[in-house]
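# A closer look at the structure
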Amino acid sequence: MQASRKLPPGQRRVNGFPRFGHRLSQPAPAVPANPVITISGAVAEEFDLPVASLATLPRRELAADFHCVAGWSATDLRWEGVSFQTVYRTHIEPVLRPGAPATHLEFRGLDGWRSVVTIEDALADDVLIAERLDGRPLNDDHGAPARLVSPQQYGYINTKHLCRIKVLTAEPREQSSFLDRLLVPTHPRARVWEEERHYLPLWIVRPFYRLLIAPIRFLSARGGQESRARRR
Ligand SMILES: Nc1nc2c(c(=O)[nH]1)N[C@H]1C(S)=C(S)[C@@H](COP(=O)(O)O)O[C@H]1N2
Ligand SMILES: [Mo]
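Here we summarise the structure given alongside this text. (Residues numbered from 1 in each chain as written. Chains lettered and ligands numbered in written order. Predicted model: local features only at pLDDT ≥ 70, side-chain atom pairs only at ≥ 80, totals over all residues. Heavy atoms only, no water.)

## Observations concerning the site of ligand 1
Filter applied, for reference: Each residue is tested against the molecule or strand, and it is near if at least one of its non-hydrogen atoms lies within 4 Å. In the analysis that follows, any N or O atom pair within 3.5 Å is treated as a polar contact, provided that within protein one partner can donate a hydrogen and the other can accept it, and provided that, for residues neighboring in sequence, both atoms belong to side chains. Per-residue and other accessible areas follow the Shrake-Rupley method at a 1.4 Å probe size, with only the shown protein chains counted as cover for residues. Any residue with an atom within 4 Å of a point lines the site, the site being either a cavity, points on a 1 Å grid over the protein atoms alone where a 1.4 Å probe fits but cannot get out, or a pocket, an open set with protein on both sides within 12 Å along at least 5 of 7 lines. Any molecule with more than half of its atoms within 2 Å of a cavity's or pocket's grid points is regarded as sitting in that cavity or pocket. Ten residue types, Ala, Val, Leu, Ile, Met, Phe, Trp, Tyr, Cys and Pro, are classed as nonpolar, four, Asp, Glu, Lys and Arg, as charged, and the remainder, Gly among them, as polar.
Neighbouring ligand 1 are 20 residues, the closest being Pro 18, Asp 111, His 142, Arg 147 and Lys 160. In the environment of ligand 1, a nitrogen atom lies 3.1 Å from a nitrogen or oxygen atom belonging to the backbone of Asn 158. Lys 160 is positioned such that a nitrogen or oxygen atom in its side chain is 2.6 Å from an oxygen atom of ligand 1. Summarising the interface, the protein chains cover 98% of the accessible area of ligand 1, which totals 530 Å² for the free molecule. Of all the cavities here, the one that holds ligand 1 is the largest pocket. Considering only residue class, the shell around ligand 1 consists of eight nonpolar, seven polar and five charged.

Below you can see the structure in the form of structure tokens.
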């Protein structure tokens, strides 16, 4: 489709869509038979939103590129799911604890990954909870059973294997995500067009990450093969 679409600053196109992430050589987490997304935090009562119930909400299709903070971009992906805004307005906003304005959301994956997103960024028009990619259900590599898709933010915000959304009323003080512990604090907004990677100067960050792409891709692909072998 839009093959000539410009990439954000410092990004390079890769062929296909590699599996990428932490616990690299590990297989993807097992998906429960009836997966749910637990909504917790500043809500009157914690509750489970079955992933299957997303099929009953207004569906949304989105063609977008995907940008990893390490510098690779996968282009022309076709996501299908539900707008996060829809999930928020229909299921979360009505049960917020009174007097506790939501400022951030924490998205957590079955493998322990987590990302924190400001309410403003989460409610952007192109943020989805997606269960389908390129016409098929999400596979293990890319986040079964459902993932956050926020194309204007770096990949690490796009939590895979989504199992919990926590409503926060302040920015969390300790940033204990994997990337934060590995490197230096990640940027709280992570907007790709502003190149909000970290607080370090880009002349340090860009080449450092570039060196990591090949080994991470290699290890992640091996972990992905292991998940597929286990399923067989
Ligand atoms: N649950 C979970 N989500 C995750 C990750 C992860 O390791 N676990 N890695 C993040 C990073 S750094 C990137 S670049 C993208 C990679 O998505 P992909 O494997 O579909 O390419 O997922 C993000 N979401
Ligand atoms: Mo990433």
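## Some words on the layout of surface pockets
Rules: Grid points are joined across faces, edges and corners, and a volume is the space filled by probe spheres set on the points. The secondary structure listing takes helices from DSSP runs of H or I that are at least 4 residues long and strands from runs of E that are at least 2 residues long, numbered from the N terminus.
Roughly 630 Å³ of volume is contained in the largest pocket. Along the walls of the largest pocket sit 35 residues, with Phe 20, Gly 21, His 22, Leu 24 and Trp 113 positioned nearest its centre. Of all elements in the fold, only helix H3 (178-182) and helix H4 (202-231) reach the threshold of two or more residues within the lining of the largest pocket. Here the lining of the largest pocket gets four residues from one element, more than from any other, and that element is H4. Partitioning the lining of the largest pocket into residue classes produces 20 nonpolar, nine polar and six charged.

The values are spatial; any link to function lies outside them.
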